[in-house]
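Structural overview
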Amino acid sequence: MSQNNQGGLFSRVRRTLGQLRSPADVRQDGRRIAAVLKLNIAPLMGRRDAAVDRAADSFGADIFSLPEEKRIAHYIRISRLLELAMNDCDAIISGLSSQDTITREKRLRAFLSMLRDMIVTIKASTVLENVILLEGSEVFRELSVEVTGKQLAESEQVLCGTEINLVNRLRDFFARTLPRLNRYREYARKNFSRVYADKYSVSYRSYFEVYGQEDF
């Protein structure tokens, strides 16, 4: 290797080493990130709880008085609220140090995930009801498959029954679990300092209003 090439190589190595950070710097950055995450826990919990409460309100609505198109939009909205709450759970967990609190947050996230999956299934069955009833005859006819109107109606009724049963089960699960969730939320808020309690309240009120809008 020529001296020029060697000099260029050593120069690149020196630049690379100069960009490397010491373990102390890395630890200091880690502490800064942890501090920022802890600062955000209270407003994140406020936002998460606002999404959960708006989803609970949506479960209590008179869903079956709505036409199919609006029911589908309603289910999509609930699913989105639950997704937002789950995302906030993930962010909260990343800033926690207490294993007990982390476990409670993970349990809450698992519950919200189950509700979200149920809502996705409800929406899919509602969409399929409409497809079978309005498009089923034509689809089967194009495939040269004989399906009677009665058979299509029976399939639609099964899916309609699935939608109704799942919505009722979901309401029941949520109604029975909400008191325990509220106790956990009270416990979490009692551990906040006054400053963090204020952050929680401001976040909750703001996002409860935002999530009450149709196009949040």
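Treat the numbers as computed from the prediction; the structure is a model and nothing was measured. (Residues numbered from 1 in each chain as written. Predicted model: local features only at pLDDT ≥ 70, side-chain atom pairs only at ≥ 80, totals over all residues. Heavy atoms only, no water.)

Considering the overall build of the protein
Short version of the rule: Elements are defined by DSSP. Helices are runs of H or I of four residues or more, strands are runs of E of two residues or more, and each kind is numbered from the N terminus. Only protein chains enter the accessibility calculation, which uses a 1.4 Å probe. A residue is then buried if its area is under 20% of the maximum for its type, exposed if over 50%, and partly exposed in between. We call two residues in contact whenever any of their non-hydrogen atoms come within 4.5 Å of each other.
A count of helical and extended segments in the protein gives 6 helices and 0 strands. Starting at the N terminus and walking to the C terminus, you meet the elements of the protein as α-α-α-α-α-α. Counting the 216 residues in the protein, one finds 32% classified as buried. Taking the intrachain contacts of the protein between residues at least 6 apart in sequence as the baseline, contacts between residues at least 24 apart amount to 80%.

Side note on the pattern of salt bridges
Selection rule: By salt bridge we mean one thing: a side-chain nitrogen of Lys or Arg within 4 Å of a carboxyl oxygen of Asp or Glu.
Following the criterion strictly, the structure yields 11 salt bridges and no others. Here Asp88 makes a salt bridge to Arg47, at a shortest N to O gap of 2.7 Å. On the criterion of sequence distance, the pair formed by Asp88 in helix α3 (residues 68-94) and Arg47 in helix α2 (residues 23-59) is long-range, its members being 41 residues apart. Between Asp117 and Arg116 there is a salt bridge; the shortest N-O distance is 2.8 Å.

Quick word on the nonpolar core
Quick reminder of the rule: Here the nonpolar core consists of buried residues drawn from Ala, Val, Leu, Ile, Met, Phe, Trp, Tyr and Cys, with membership extended through side-chain atoms lying within 4.5 Å.
Counting 40 residues, the largest nonpolar core has Met45, Phe59, Leu82, Leu112 and Ile119 as the members making the most contacts within it. Tallying contributions element by element places α2 first for this core, with 10 residues. Once residues lying within four places of it in the same chain are set aside, the contact partners of Ile119 are Phe59, Tyr75, Ile78, Ser79, Leu82 and Leu170.

Regarding the packing of aromatic side chains
Stated precisely, the cut-off is as follows: Only the six-membered ring of Trp is used, alongside the rings of Phe and Tyr, when aromatic pairs are assigned; centres must lie within 6.5 Å, and planes under 30 degrees apart are stacked while those over 60 apart are edge-to-face, with the rest tilted.
In the structure shown here, the tally under the stated rule is 6 aromatic pairs. Note on Phe59 and Phe174: the rings are 4.9 Å apart at their centroids and 65 degrees apart in plane angle, and the pair reads as edge-to-face. Pair noted here: Phe59 is in helix α2 and Phe174 is in helix α5 (residues 149-190), with a separation of 115 residues, a long-range link. In this structure, Phe59 and Phe174 share a single accessibility class: buried. Aromatic side chains Tyr200 and Tyr204 sit 6.3 Å apart centroid to centroid with 15 degrees between the ring planes, which places their arrangement in the stacked category. Of this pair, Tyr200 and Tyr204 both sit in helix α6 (residues 194-210), 4 residues apart, roughly one helical turn. No difference in accessibility class separates Tyr200 from Tyr204, as the two residues are buried. One aromatic cluster is present, built from ring pairs that chain together Phe192, Tyr200, Tyr204 and Phe208.

Looking at the environment of Thr103
Along the polypeptide, Thr103 turns up in helix α4 (residues 99-142). Residue classification places Thr103 among the partly exposed residues on the basis of a relative accessible area of 29%.

Describing empty space enclosed by the protein
Short version of the rule: Residues are called lining when one of their atoms sits within 4 Å of a cavity or pocket point, these points coming from a 1 Å grid over the protein atoms alone, where a cavity is a set in which a 1.4 Å probe fits but cannot get out and a pocket is an open set with protein on both sides within 12 Å along at least five of seven lines. Grid points are joined across faces, edges and corners, and a volume is the space filled by probe spheres set on the points. Three classes are used: nonpolar for Ala, Val, Leu, Ile, Met, Phe, Trp, Tyr, Cys and Pro, charged for Asp, Glu, Lys and Arg, and polar for all others, with Gly counted as polar.
As enumerated under the stated definition, the model contains 1 cavity of 30 Å³ or more in all. What the largest cavity holds in volume is close to 40 Å³. Phe59, Ile63, Tyr75, Ile78, Ile119, Val167, Leu170 and Arg171 together form the lining of the largest cavity. When residues of the lining of the largest cavity are assigned to their parent elements, the largest contribution, 3 residues, is made by α5. Per-class residue counts for the lining of the largest cavity are 7 nonpolar, no polar and 1 charged.

Some thoughts on the side chain of Glu105
As a reminder of what qualifies: Between N or O atoms, a polar contact is any pair within 3.5 Å; within protein, one atom must be a potential hydrogen donor and the other a potential acceptor, and residues adjacent in sequence are included only when both atoms are from side chains.
The topology assignment puts Glu105 in helix α4. Looking at Glu105, the relative accessible area reads 0%, which means it is buried. At a separation of 2.4 Å, a polar atom in the side chain of Glu105 contacts the side chain of Tyr184. In contact with Glu105, other than residues within four places in its own chain, are Met45, Arg48, Cys89, Ile92, Ile93, Leu96 and Tyr184.

Brief notes about the environment of Tyr200
The class of Tyr200 is buried, set by a relative accessible area of 5%. Residues Tyr200 and Arg47, 153 residues apart in the sequence, show an inter-C-alpha distance of 8.0 Å. The residues contacting Tyr200, other than those within four sequence positions of it, are Ala42, Met45, Gly46, Asp49, Arg185, Arg189 and Phe192.

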